[in-house]
Amino acid sequence: MVTESPETEQQLKFERGEPWWAKSLKWGLILLSITILFYAATVLAEAGHWLFVVITAFVAMGVLIVYATRRCVPFKYLYPGILLTLALQIWPIVYTVGMSFTNYGYGHLVSKEEAIQAIEASSVRQVEGSQRYGLAVAIPEGQDPATGEIVFLLTSPDGSINAGSLDGLEPVDPESVQTSERGRITEADGYTVLTGSQVNARSVELSEFAVPTESGGIKMIGLSEAFIGEATRVYDASSDTIQDKVTGQVFVVKDARFVPRDGVGSGLPQGWVENVGFDNYTRALTDPQLRTGFVNVIVWNFVFAFLSVITTFLLGMFLALLLNDPRLKGKAVYRSLLILPYALPGYITALVWGSMYNRDFGLINELFHLNINWLGDGTLAKIAILITNLWLGFPYMFIVCTGALQAIPSDVREAAAIDGASAFRTVRSIIMPLLLVAVGPLLIASFAFNFNNFGLIFLLTGGGPFEGGQSMIGSTDLLITMAYRLAIGGTTPNFGFAGAISVFIFIIVAVISYLGFRQTSALEDVN
Amino acid sequence: MKRTTRAVAVSAAAALLLSACGGGSNTTETPSSTGDTASAGDAAENTAEDSAAETDVEAAPADDAESTEAPVRDANAELVIWADNDRAEALKEFAKQFGDEYGITTQVQVSTDVRAQFSQAHTVGQGPDIIVGAHDWLGEFVQNGSVAPVPLADDVQAQFVPESIEATKFDGQIYGVPYATENLALMRNTDLAPNVPATMEELVAHGAELVEAGDADAPMGAPVGLVGDAYHAFPWLDAYGGGIFGQNADGGWDASKVIIDSPETIKGAEKMAWLAEEKALNVNMDGTAMAAMFAEGRLPYMITGPWSTTGAAEAGINYAISPIPEFQDGGKPLPFLGVQMFYVSSDAKNPAMAQEFVNQYVPSADLQMAMYENAGERAPALLEALEEVSAKDEDLAGFSEAGKGAPPMPNIPQMASVWQPLGQATADIIGGDDVESRLKDAQKEIVANIG
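Counting of residues starts from 1 at the beginning of each chain's written sequence and follows it residue by residue. As they are written, the chains are lettered A onward and the ligands numbered 1 onward, keeping that order. Given that this is a predicted model, residues contribute local features only at a pLDDT of at least 70 and side-chain atom pairs are listed and counted only at 80 or more, while totals for whole chains, interfaces and linings are drawn from all residues.

Looking at an unreviewed UniProt entry, one finds chain B named Sugar ABC transporter substrate-binding protein and attributed to Ornithinimicrobium tianjinense. Quoted verbatim from the Sequence similarities (unreviewed entry) field of UniProt, the annotation for chain B is "Belongs to the bacterial solute-binding protein 1 family." UniProt positions are given in the numbering used here, feature names are shortened, and annotations may be inferred rather than shown by experiment.

For chain A, an unreviewed UniProt entry supplies the name Maltose/maltodextrin transport system permease protein and the organism Ornithinimicrobium tianjinense. Of the comments in the UniProt record for chain A, the one headed Function (unreviewed entry) reads "Part of the ABC transporter complex MalEFGK involved in maltose/maltodextrin import. Probably responsible for the translocation of the substrate across the membrane." Quoted verbatim from the Sequence similarities (unreviewed entry) heading of the UniProt record, the comment on chain A is "Belongs to the binding-protein-dependent transport system permease family. MalFG subfamily."

Caption draft 1: Structural context of the overall build of chain A. Segments assigned H or I by DSSP are reported as helices when at least four residues long, segments assigned E as strands when at least two residues long, and all are numbered from the N terminus. Within chain A, the regular secondary structure consists of 18 helices and 15 strands. In terms of C-alpha radius of gyration, chain A reaches 36 Å, well past the compact-globule figure of 24 Å for 527 residues. Along the first, second and third principal axes, the C-alpha set of chain A runs to 115 × 85 × 50 Å. Counting other C-beta atoms within 10 Å of its own, a residue is labelled buried from 20 upward, exposed at 12 or fewer, and partly exposed in the gap between, with every C-beta atom placed from the backbone. Counting across all 527 residues of chain A, residues that qualify as buried make up 32%. For every residue pair, C-beta atoms are placed from the backbone, and the pair is scored as a contact if these atoms sit within 7 Å. Relative to all contacts within chain A whose residues are 6 or more apart in sequence, the contacts with residues 24 or more apart total 60%. Radius of gyration: C-alpha atoms only; globule rule: 2.2 Å multiplied by the number of residues to the exponent 0.38.

Caption draft 2: Fine view of the interface of chain A and chain B. Counting residues at the interface gives 76 residues for chain A and 65 residues for chain B. Polar here means any residue outside two lists: the nonpolar Ala, Val, Leu, Ile, Met, Phe, Trp, Tyr, Cys and Pro, and the charged Asp, Glu, Lys and Arg; Gly therefore counts as polar. When grouped by side-chain class, the residues that make up the side of chain A that touches chain B number 35 nonpolar, 35 polar and six charged.

Caption draft 3: Region of the structure containing the nonpolar core. By convention in this section, buried Ala, Val, Leu, Ile, Met, Phe, Trp, Tyr and Cys residues joined through C-beta atoms within 7 Å make up a nonpolar core. Counting 231 residues, the largest nonpolar core has Val137, Ala138, Leu153 and Ala483 of chain A together with Met272 of chain B as its most contacted members. Considering each element in turn, this core owes the most residues, nine residues, to helix H13 (residues 378-407) of chain A. For Met272 of chain B, the residues in contact, after removing those within four places along its chain, are Ala233, Trp236, Leu281, Thr426, Ile429 and Ile430 of chain B.

Caption draft 4: Inspection of the UniProt feature "transmembrane region" (unreviewed entry) in chain A at higher detail. Residue and element names in this part refer to chain A. With numbering aligned to this structure, UniProt lists the feature "transmembrane region" (unreviewed entry) at residues 20-41, 47-68, 77-95, 298-323, 332-353, 383-408, 429-449 and 495-517. Across residues 20-41 one finds 100% helix and 0% strand; the C-alpha atoms that close the span lie 31 Å apart. Each end of residues 429-449 is marked by a C-alpha atom, and these two atoms are 29 Å apart; helix forms 100% of the span and strand 0%.

Caption draft 5: Main features of the sheet that holds strand S12 (residues 319-322) of chain B. All names here are of chain B. The pairing criterion is simple: DSSP has to find at least two bridges between the two strands. Spatial ordering of the open sheet is given by S11-S8-S12, a layout of three strands whose pairing is antiparallel. A single partner strand is all that each edge strand has here, and the edge strands are strand S11 (301-304) and S12. Across the sheet, the mean angle from the axis of one strand to that of its neighbour is 25°, orientation sign disregarded. As paired elements, strand S8 (residues 185-189) and S11 share four bridges and run antiparallel to each other. If you follow Met187 over to S11, its bridge partner there is Met302. Where helices are involved, their axes are fitted lines through C-alpha atoms of the stretch in contact, as for all axes, and angles between N-to-C directions lie from 0 to 180°.

Caption draft 6: Unusual backbone geometry, seen in detail. Residues and elements named next belong to chain A. Its identity is not glycine, yet Asp240 carries a phi of approximately 55°, on the positive side. On the neighbour-count criterion, Asp240 (12 C-beta atoms within 10 Å) is exposed. Positive phi, close to 65°, is recorded for Ala256, a residue that is not glycine. Within the secondary structure, Ala256 is located in the loop between strand S14 (250-254) and strand S15 (257-260).

Caption draft 7: View of the pairing of strand S11 (residues 225-231) of chain A. Residue and element names in this part refer to chain A. S11 sits mainly inside the fold: five of its seven residues count as buried. As judged from the three bridges shared by strand S1 (residues 124-126) and S11, these two strands associate in the antiparallel manner. Paired with Gln126 across the bridge in S11 is Gly229. With three bridges connecting them, strand S2 (residues 132-140) and S11 associate as antiparallel partners. In the sheet register, Arg132 faces S11, and the bridge partner there is Phe227. Summarising the sheet, strand S10 (residues 216-220) and S11 pair through three bridges and their orientation is antiparallel. Directly across from Met220, in S11, lies its bridge partner Ala226. Counting the residues that bridge the hairpin from S10 to S11 gives four residues.

Caption draft 8: The arrangement of the environment of Ser266 of chain A in detail. Among the structural elements, Ser266 of chain A can be located in the loop between S15 and helix H8 (279-286). For Ser266 of chain A, a count of 18 C-beta atoms within 10 Å puts it in the partly exposed group. For Ser266 of chain A and Val177 of chain A, which are 89 residues apart along the polypeptide, the C-alpha to C-alpha distance reads 50 Å. Ignoring anything within four residues of it in the chain, the contact list for Ser266 of chain A reads Asp254, Ala255 and Ser256 of chain B.

Caption draft 9: Main features of the sheet that holds strand S13 (residues 241-244) of chain A. Residue and element names in this part refer to chain A. Judged by pairing direction, the sheet is antiparallel, and its four strands sit side by side in the order S12-S13-S14-S15 without closing on themselves. Two strands lie at the open edges of the sheet, namely strand S12 (233-236) and S15, each paired on one side alone. Adjacent strand axes in the sheet meet at a mean angle of 35° when their direction is disregarded. Pairing analysis gives three bridges linking S13 to S14, with the strands arranged antiparallel. In the sheet register, Thr241 faces S14, and the bridge partner there is Val252. Helix H5 (residues 112-121) rests against S12 and S13 of the sheet, and its axis sits at about 150° to S12.

Caption draft 10: Structural context of the domain arrangement of chain B. All names here are of chain B. As used throughout, domain bounds are those supplied by an automatic or database domain assignment. Per the domain assignment, the segments making up chain B are domain 1 (51-182 + 338-402) and domain 2 (185-335 + 418-450). A straight line from the C-alpha centre of domain 1 to that of domain 2 covers 30 Å. Counting residues at the interface gives 11 residues for domain 1 and 12 residues for domain 2. Of the residues contributing to the side of domain 1 that touches domain 2, the split by class is two nonpolar, two polar and seven charged.

Caption draft 11: Looking closely at the packing of helix H3 (residues 50-68) of chain A against helix H4 (residues 73-99) of chain A. Residue and element names in this part refer to chain A. The contact between H3 and H4 brings their axes to 10 Å, and the two run at 160°. The angle between the axes of H3 and H4 places the two elements in the roughly antiparallel class. Crossing handedness for the pair H3 and H4: left-handed. Contacts between H3 and H4 pair Val59, Gly62, Val66 and Tyr67 from the former with Phe75, Lys76, Tyr79 and Leu83 from the latter. Looking at the contact of H3 with H4 residue by residue, the classes come out as six nonpolar, one polar and one charged. Reported orientations rely on four angle classes, namely roughly parallel under 35 degrees, roughly antiparallel over 145, roughly perpendicular from 65 to 115, and oblique for the rest. Whether a crossing is left-handed or right-handed is set by the direction in which the near helix is turned from the far one by less than a right angle, anticlockwise for left-handed and clockwise for right-handed.

Caption draft 12: Spotlight on the confidence of the model for chain B. Each residue carries a pLDDT value, the predictor's own confidence for that position, ranging from 0 to 100. When pLDDT is averaged along chain B, the result is 81; 85% of the residues meet or exceed 70. Across the predicted assembly, pTM comes out at 0.78 and ipTM at 0.76.

Caption draft 13: Broad picture of the packing of H13 of chain A against helix H15 (residues 423-451) of chain A. Residue and element names in this part refer to chain A. With their axes 9 Å apart at the nearest point, H13 and H15 run at an angle of 150° to one another. The angle between H13 and H15 falls in the class roughly antiparallel. The two elements H13 and H15 cross, and the hand of that crossing is right-handed. Listed contacts from H15 to Val400, Cys401, Ala404, Leu405 and Ala407 of H13 are Leu435, Ala438, Val439 and Leu442.

Caption draft 14: Local environment of the pairing of S2 of chain A. Residues and elements named next belong to chain A. S2 sits mainly inside the fold: seven of its nine residues count as buried. The sheet contact formed by S2 and strand S3 (residues 151-155) spans five bridges and is antiparallel. If you follow Gly134 over to S3, its bridge partner there is Thr155. Both S2 and strand S8 (residues 191-193) contribute to a ladder of three bridges, which runs antiparallel. Note on S8: the bridge partner recorded for Pro140 is Tyr191.

Caption draft 15: Region of interest: the environment of Gly462 of chain A. All names here are of chain A. Topologically, Gly462 is positioned in the loop between helix H16 (454-460) and helix H17 (479-489). Exposure remark for Gly462: the 22 C-beta atoms within 10 Å place this residue in the buried category. Considering only alpha carbons, one finds Gly462 and Gly474, 12 residues apart in sequence, at a separation of 8.1 Å.

Caption draft 16: Region of the structure containing the confidence of the model for chain A. The share of residues in chain A with pLDDT of 70 or more is 95%, and the mean pLDDT across the chain is 84. Within chain A, helix H1 (residues 6-16) of chain A has the poorest average pLDDT of any element, 52, and H13 of chain A the best, 90.

Caption draft 17: Representation of the environment of Ile488 of chain A within the structure. All names here are of chain A. Mapped onto the elements, Ile488 comes out in helix H17. Classification of Ile488 as buried rests on a count of 23 C-beta atoms within 10 Å. Between the C-alpha atom of Ile488 and that of Ser446, which follows or precedes it by 42 residues, the distance is 26 Å. In this structure, Ile488 is in contact with Pro493 and Ala498, ignoring residues within four places of it in sequence.

If you want it as structure tokens, here you go:
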């Protein structure tokens, strides 16, 4: 390898001869992305998300390695794609799986410390029989507003005025103060009344500040009111319980929240996030309501996705074959008309069809003088959904098939005709196999889409009708709409449980897609 | 780090659940007085007032009424309020006045979905100091520790409609200051039904006559739909003292006492079944169908709230509002009372300022009047403002009369487990199911859901 081949040399020359603008554009883009990443890192660091800072740093290093050097040529193309896949596909999946092992959901959003804090903070009440004071926050005259010793100028309901500091209350001569129209003290001899901004600047300090009195600490409410308030529920770390000082009730920890020890009454609403292991999965598999409905829902889910694909494909292909006939005139008009249902937003179509199926006021029953309970009967509702989805889905299949048909060379068809094949035979044995090669993967994609066709079901029937005196499992529910209702829609949102159900659906769809794509690669052998 | 990851987690779960769902799925399904049921009316209102909103030059880019993105808190503002479009408009003047008085900068931002956007922003510590919203969000907020108690003085409490103050309480503690109330009432087409019906029986009889004569398509309308509507069915259920939850010692709702299969509730539901027999209630009638029928002048009576008045007026229908009539045997259908209120975030940057605003500014007749005029003409919660408004607004006087003694909608988080099963049960009963056994099933389902 002593002699370099002339080609390599030429190539090197070419690289050296990179025009100046391309070079500066390249380095400009590299600099720009590094700057953006650096900015993102500072923002993340400021918010204390150190893991993300590290990840950002790695991404930036990757940018430098891949684009600033001449190495890693394939990576120059793959890098953005890989990053986006990781960020938008892999990360959500990993996160959902992680979350499915927790009880994360409404009522369990925060850590235990934060929950206890919230419980104590929301239990602060005015001490029975104590009075309310008018308030002005002040500091002794001459001190710096930012650091001066805080004094509450308190006006009692009887008009007497006291200055409250950490040492307690001290009377103030009412003559020495000036008040606004609304009775707020604006000036006082010997004190500087703080402005709103100055109070704001010390709000953390003020939220802790209390003037000690015999019946409790006087705390500020807003800027112009103060009262003697105390937390009526207090956490005891040694026994891990919360005691209500008014009722004497003791709350103990159970299922990541506090419940009454004696079992009487409701638990405290504020709970915390906790690892629950496989509980969400066990619940998804053993919940009696779920178990009875699950099988039906899965069966219908497959039937729905399968029939949707088949019906739309057959109708779409049929129309495509008709309109592909060279003898037909005005094809463009027909084709545009047929694409219309596809051009309208699907959710509008679903809502319109929903109202057309109405038993008493719907267009379908009125037009044909029928009294069919379209959406009120399980089987009929399923048929209604398939009809609507046929309407929504055939234009897509029509477009796809038209495209694929035009790609089939006409000599194949002519050859079939010469050999004496009937029209049906030509379609079945010649056109279909060729068509399926092109359309097969799209059918799988369509199946996967319909398998999770949340929008249609949600807007048309909402999963209903609900038969047999319950409201959890509807006759037209897909796994996805059922999961949505169980986990988020019909009850207090429970993201952990939703995560577990999502994982199940993910596995099912993944298996189907895998089998499906294996099947299509078999189809390709036709060629 | 944890907080961000959690926010990511929520969106991740939602994304996975909804990823393959195509467009246009509406993700907020929790029925509430101001969520679902009001949405039809509100939507109409909003379109009418959109043009007004667009002329607002003061609003930050994030305040764009068209945008559904959550507002972004301005780091320099010392007091930030989130409200929906109309309410934000009405509040700007007062926020500015407040800012001037205390020498601070204030900002009122438009949030298209206050409840969800506040919850999300609060989780990552970027929430506003004050939000404006319905009282039935309270249980969820307390559960998530996202709002702080508002120690409203006794004399200030006494200036409000008592039920509205009750509605702001959770576990005996006040969490906000109300500014408006709303409830269902009977709205009648005065051309078809000139007189206020004395009883439900009379109403149904007159409605049936109109249908017979071909002047109407149904004797009465109420939103039901195939999955039911517990909010609109509640007046029948509580007519004889029944309802959803029993009360605990301090007057709050007790989630451990579900009374859906109690004899009182069953008696009310029997009346509901009777109304269905008389075609006054119908599972094929939903809010949209009802509103359309009323607007065509083919419906003499409907059970609805203040959100329907705009649509009826625009359709040129002469209408009047009155309480839902009693049954002949004395059963009195009372609707839920919904209350609109100001909440203070538990994570407020400046809790003192936020408390000052809700304690001192919200209980003023000026603010309550401004909210009435600019934010949907709901009845003010402050007695002084209510009296002033009732004298000149007949619709509002009617709704306010219909809401007398109405129980506040339960604001405990367990309510989320009730809407759907109870709604379905009412739909099934209206569709002809046996009342007692269907309510027993609903009771079982709801108790299991609450867990």
